[in-house]
Amino acid sequence: MDRTHAPRVLLALISSAGASNAQDWTPLVMEGRSLQAISASANGIDLVVHGGAAGAQQTGDTWSLSAGLWAPVAQAQQEPSARTGHAMAFVPDSSMPGGGTSVLFGGESAGETQADTWTFDGNCWDTQDPASIPPGRVGHDMAYDPVRDVVVMFGGSNADADPPLLLQDTWEWDGVNWNIVLSSPSLPSPRQNHRMGFDSSTGKIVLYAGTDASGNCYDVWEYDGTQWVDSGVTFSSVTQDDFDLATDPNGGLLLLQGGSEGGGESWTLRTWTGSGFAQVAAGTDQEDFVNRADPKLTFDFAGGRLFLHGGSLRDWGPGTLTEITDVWEWTGSAWTLFDLGSPVSRQLPGMAFDEARSQLVFTGGGFTSRSLRDTYTFDGVEWTQHSWPGFTGPIGPVMGYDPVADRTILLGGEPEDYPGGGTFFAMQWDGSTWSNITLTSPGVEIAPYLFGDPSSLVDGSMVFDHARQVSVVVGGRYQLGFAAIESDDVWELPAGGTQWTVVEPTNYPSFDFGRSRFRLAYHDGWAKVVAVDDQGVWSWDGFEWSPEPTNGFPGPGPVAYDSVRGRLVLSNDTGTHELANATWLHRSIEGVGGGDDSALFFDELNNQMFGVAGSDVIRLYAPEVSWSWNTYGTACGGPEGVPMLSMITPPRQGSTFVTKVDPYPLNAFGIMGFGASRDFYDALPLPFDLSIIGMTNCFLETEVWLQVPISPVGLAIVQMPTHVMIVGEYFTQQAFVAWPGANPFGLVTSNAAEYVVGTL
């Protein structure tokens, strides 16, 4: 057992841990999303985002943007469920500069329309219990009226009604209760997906667009707290998912309007004049900004800044969407990308894990027929940006790490003029810079008079075979104009070498495997490269693919080998699975999916696994770790006995760890001391004889960096944190009990225990 000192921060985690359910996946960056709710926030936070959709999956997490960094808001006992189509509004607190509260209502969660109200103060969520509750709804909108200090909500739809019902009601939240407004003689048509904001120049709430029973609406309505009035203005240059409104306390109401459904690439900012929308600035020509659906526009009241967040990027394939999490700031004349310290969203980036430096290398990829020319590394805590050599970055390159030569190899990919063919180049990354490398190849005939080379592959996979000391490249395709030819060859490159060899096996995983990325791993236990296709697991011996019989195969997905626990880990749309012996175990309902951008990488140095889907989804997997608890050392006591330790509940991540001291004098005072070593207390060797201070026959058996009171019945209770840092770590404990008369000092010690924290 490892008796080295664990970081003392882990003991601080134990002391501050609150009750929470253990998570086997920990998000490290904010996931790209659409249909989320967003508002300004307070107490040093610029923006707060809750929920939304990531592909087909609803999210229920909350993230705050502060000082240019997204950070997850710690889960509380009460928080809104995962949902989409909800609405949020920010209510400033005039009595406290920079203060305020975000209010959330409704949305759709797990197929049901919600009617709950929540408030967020910048630190935690609080559920509200108003006397009157509006009907549940989705696709509604809310806006804060600072003149009357209320949040106004209108419309939406209730899918739980039979038949589904478009709503036409107006409600106001006064901070305590929802109040329905009934006095208006005219109303906007029943609708959803409209937008609302406050016009500070007139003191009225403005409602614009949406969809009703007849289709898209383009009318503008104004609300003064008593009645809705049709402004008579129509503005038809938007569709339901390519615009948003924001309240500008310094200049009225702003409309961001684009053309995503029509394929347009112009996003124009306009201001409401009371009789129409006047153009503030023409569309941006920055390609990162264009062609998105469902952007969210909001004003940072404390910082006086206008932000745009996220939405979905429309990509090459019809109807293909990529959720994103970028933030843009309006400077007064142009949109600029807000530096979040991480790469912008993209499809088909190159990824590999640098084992020597324990960091993910991330480069290239792109969207909307544009490739990106950047390189980042990620160490599990922060991103670091590096320069790219200057020419066009590749989309869908083949990447892998050679630990013998300590280099990350990048091959092929597609150039910016998609889909014009492979790039035919090879590069290597040494941890700080890219450089060109020359790799020779015999080539293989892929079509009459056409020859393929691994340096021209797109979307292939690379893994290092430690047993045979070669990099292995499998699958992918050769892109010839608009034609794609799948590769069924296996290419191998000796460690640090320059000469490719090609093997043409007779058996091969299914044809669809050739288009898959990141479905290779090196299996230490088998000493072979393994691949996953639609049917199961295959192993490669350098000459031939062989099927490996397994039970309960969960379907294809990216894989990585956990060399510490000796398990192959797979993620797909059904969750996370592990191959233990020859049986697949379903370990989690979470994962990073099985898409082309999904990958798993095992960090052996830190005993952790990264789950990656593009740049937006990076999670840390804390797999099953067995706990242990064993006593050691001696105890000293008094006339009533010698106090001994026993375990009531085991030390496991996210659970309540309970140990008992018995016998324990009635109403005695005692503490349980926790440390991370049984050998030294700083420079003091252990065990240390305490007779020197009058504690006859007593010994200090552990260092003590955390003290927990012992209850009157002899129980020491510790709430273990959910943080993955605690899992697998070694700790020690010993009890110290005030026992008058037991010895001249009046204090006795129990024996000690050493333990390793496991997972639930």
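Computed from a predicted structure; not experimentally measured.

Draft legend 1. Representation of the overall build of the chain within the structure. Of regular secondary structure, the chain possesses one helix and 74 strands. Taken over 760 residues, the chain has a buried fraction of 58%. Of all intrachain contacts in the chain linking residues separated by at least 6 positions in sequence, the fraction that spans at least 24 positions is 55%. Counting only carbon and sulfur atoms, one obtains 51% of the accessible surface of the chain, whose full area is about 29,500 Å².

Draft legend 2. Quick look at the side chain of D354. In this structure, D354 sits in strand 33 (residues 350-354). Given the relative accessible area of 0%, D354 is considered buried. In contact with D354, not counting residues within four places along its chain, are Q359, V361, Y401, D406 and G431.

Draft legend 3. Examining the sheet that holds strand 6 (residues 87-92) more closely. With antiparallel pairing, four strands are arranged side by side in an open sheet as 6-7-10-11. At either margin of the open sheet sits one strand with a lone partner, and together these are strand 6 and strand 11 (125-127). Each neighbouring strand pair of the sheet contributes to a mean axis angle of 25°, computed without reference to strand direction. The pairing of strand 10 (residues 117-120) with strand 11 spans three bridges and is antiparallel. For F120, the partnering residue across the bridge sits in strand 11 and is W125.

Draft legend 4. Summary view of the state of the cysteines. All chains considered together, the criterion is met by one disulfide. Each sulfur in the disulfide pair C636 and C698 lies 1.7 Å from the other. Across the S-S bond of C636 and C698 the torsion is about 100°, and the bridge reads as right-handed. You can see C636 sitting in the loop between strand 63 (628-632) and strand 64 (644-649) and its partner C698 sitting in the loop between strand 69 (688-689) and strand 70 (699-700), a full 62 residues away along the chain. By relative accessible area, C636 is classed as buried at 5%.

Draft legend 5. Inspection of the packing of aromatic side chains at higher detail. A complete count under the given rule lists 25 aromatic pairs for this structure. Summarising the aromatic geometry, the rings of F378 and W383 are spaced 4.8 Å apart at their centres and angled 40° between planes, so their arrangement reads as tilted. Accessibility classification places F378 together with W383 in one group, the buried group. Centroid distance Y508 to W545: 6.4 Å. Interplanar angle 85°. Geometry classified as edge-to-face.

Draft legend 6. Spatial organisation of the sheet that holds strand 18 (residues 195-199). Here we have four strands laid out as an open sheet, ordered 18-19-22-23, and antiparallel in their pairing. Strands at the two margins of the open sheet, each flanked by one partner only, are strand 18 and strand 23 (228-234). Adjacent strand axes in the sheet meet at a mean angle of 25°, parallel and antiparallel pairs treated alike. In the sheet, strand 19 (residues 204-208) pairs with strand 22 (residues 219-223) via four bridges, with the strands oriented antiparallel. Paired with V206 across the strands is E222, a residue of strand 22.

Draft legend 7. Region of the structure containing the pairing of strand 23. Looking at chain direction, strand 22 and strand 23 are connected through four bridges and run antiparallel. Bridge pairing links D219 to T234 in strand 23. What sits between the antiparallel neighbours strand 22 and strand 23 is a turn of four residues, in which G225 has the positive phi angle 100°.

Draft legend 8. View of the environment of N179. Inspection of the secondary structure puts N179 in strand 17 (residues 178-181). In this structure, the C-alpha to C-alpha distance between N179 and I133, residues 46 residues apart in sequence, is 8.4 Å. Those residues in contact with N179 that sit more than four places away from it in its chain are S132, T170, W171, E172 and D174. A polar atom in the side chain of N179 sits 3.3 Å from the side chain of D174.

Draft legend 9. Representation of the environment of S711 in the model. Residue position: S711 is located in the loop between strand 71 (706-709) and strand 72 (715-719). Given a relative accessible area of 21%, S711 falls into the partly exposed group.

Draft legend 10. Inspection of the pairing of strand 12 (residues 141-145) at higher detail. Of all five residues making up strand 12, five are buried, and the element is well covered by its neighbours. Judged by which residues are buried, strand 12 turns out to be covered on both faces: D141, A143 and D145 on one side and M142 and Y144 on the other are all buried. Connecting strand 12 to the next strand, strand 13 (residues 150-154), in antiparallel fashion are four residues, including D149 with a positive phi near 55°.

Draft legend 11. Fine view of the pattern of salt bridges. Tallied over the full model, the rule gives 13 salt bridges. Here R357 ties to D354 by a salt bridge, and the two come within 2.7 Å at their closest N and O atoms. A residue is classified by how much of its surface remains accessible, and R357, at 31% relative accessible area, is partly exposed. Three or more residues joined by partner-sharing salt bridges are found here, namely D145, R148 and E172.

Draft legend 12. Representation of the side chain of S184. Within the secondary structure layout, S184 lies in the loop between strand 17 and strand 18. Here the side chain of S184 touches S186 through a polar contact of 2.6 Å, landing on its backbone oxygen. Those residues within four positions of S184 in sequence are excluded, and the remaining contacts are T226, Q227 and W228.

Draft legend 13. Quick look at unusual backbone geometry. Here D662 and P663 are connected by a cis peptide whose omega angle stands at 0°. Following the sequence through the fold, P663 ends up in the loop between strand 65 (656-662) and strand 66 (670-675). A cis geometry characterises the amide bond from L686 onward to P687, with omega recorded as 0°. Mapped onto the elements of the fold, P687 is located in the loop between strand 68 (684-685) and strand 69. If you check the backbone angles, Q469 has positive phi at about 60° while not being a glycine. Mapped onto the fold, Q469 is located in the loop between strand 46 (461-465) and strand 47 (470-474).

Draft legend 14. Structural view of the nonpolar core. Counting residues in hydrophobic clusters, the biggest one holds 35 residues, and the most contacted among them are L645, F657, V661, M672, F674 and Y755. For this core, the secondary-structure elements that each account for two or more residues are strand 65, strand 66, strand 71, strand 72, strand 73 (730-738) and strand 74 (747-756). When residues of this core are assigned to their parent elements, the largest contribution, four residues, is made by strand 73.

Draft legend 15. A nonpolar patch on the surface, seen in detail. A cluster of nonpolar side chains, namely I692, I693 and F745, defines an oily patch on the protein surface of about 330 Å² accessible area. The topology assignment puts I693 in the loop between strand 69 and strand 70. In this structure I693 comes out as partly exposed when scored by relative accessible area, which is 43%.

Draft legend 16. Fine view of the confidence of the model for the chain. On average, residues of the chain carry a pLDDT of 83, and 84% of them reach 70 or more. Ignoring residues within four places in sequence, the model shows residues 260-265, a span with pLDDT below 50, making 15 contacts including any to other chains. Long-range and interchain partners of residues 418-422, a stretch whose pLDDT sits below 50, account for 15 contacts in this model, where long-range means more than four residues apart.

Draft legend 17. Structural view of the environment of V708. With respect to the secondary-structure elements, V708 resides in strand 71. When the C-alpha positions of V708 and G673 are compared, they lie 6.6 Å apart, and in sequence the two are 35 residues distant. Every residue in contact with V708, bar those within four places of it in the chain, is listed here: G670, I671, M672, F674, I717 and V718.

Definitions and cut-offs
- Residues numbered from 1 in each chain as written.
- Predicted model: local features only at pLDDT ≥ 70, side-chain atom pairs only at ≥ 80, totals over all residues.
- Heavy atoms only, no water.
- Helix = DSSP H or I, 4+ residues; strand = E, 2+ residues; numbered from the N terminus.
- Buried < 20%, exposed > 50% of the residue type's maximum accessible area, 1.4 Å probe, protein only.
- Contact = heavy atoms within 4.5 Å.
- Areas by Shrake-Rupley, 256 points an atom, 1.4 Å probe, with all protein chains shown as cover.
- Pairing = 2+ DSSP bridges.
- Axes fitted to C-alpha atoms, helices over the stretch in contact; angles between N-to-C directions.
- Disulfide = S-S within 2.5 Å.
- Phe/Tyr/Trp six-rings, centres within 6.5 Å; stacked < 30°, edge-to-face > 60°.
- Polar contact = N/O pair within 3.5 Å; in protein donor to acceptor, adjacent residues only side chain to side chain.
- Salt bridge = Lys/Arg side-chain N within 4 Å of Asp/Glu carboxyl O.
- Core = buried A, V, L, I, M, F, W, Y, C linked by side-chain atoms within 4.5 Å.
- Patch = residues over 30% accessible without salt bridge, like charges linked within 9 Å, V, L, I, M, F, W, Y side chains within 5 Å.
- pLDDT = per-residue confidence, 0-100.

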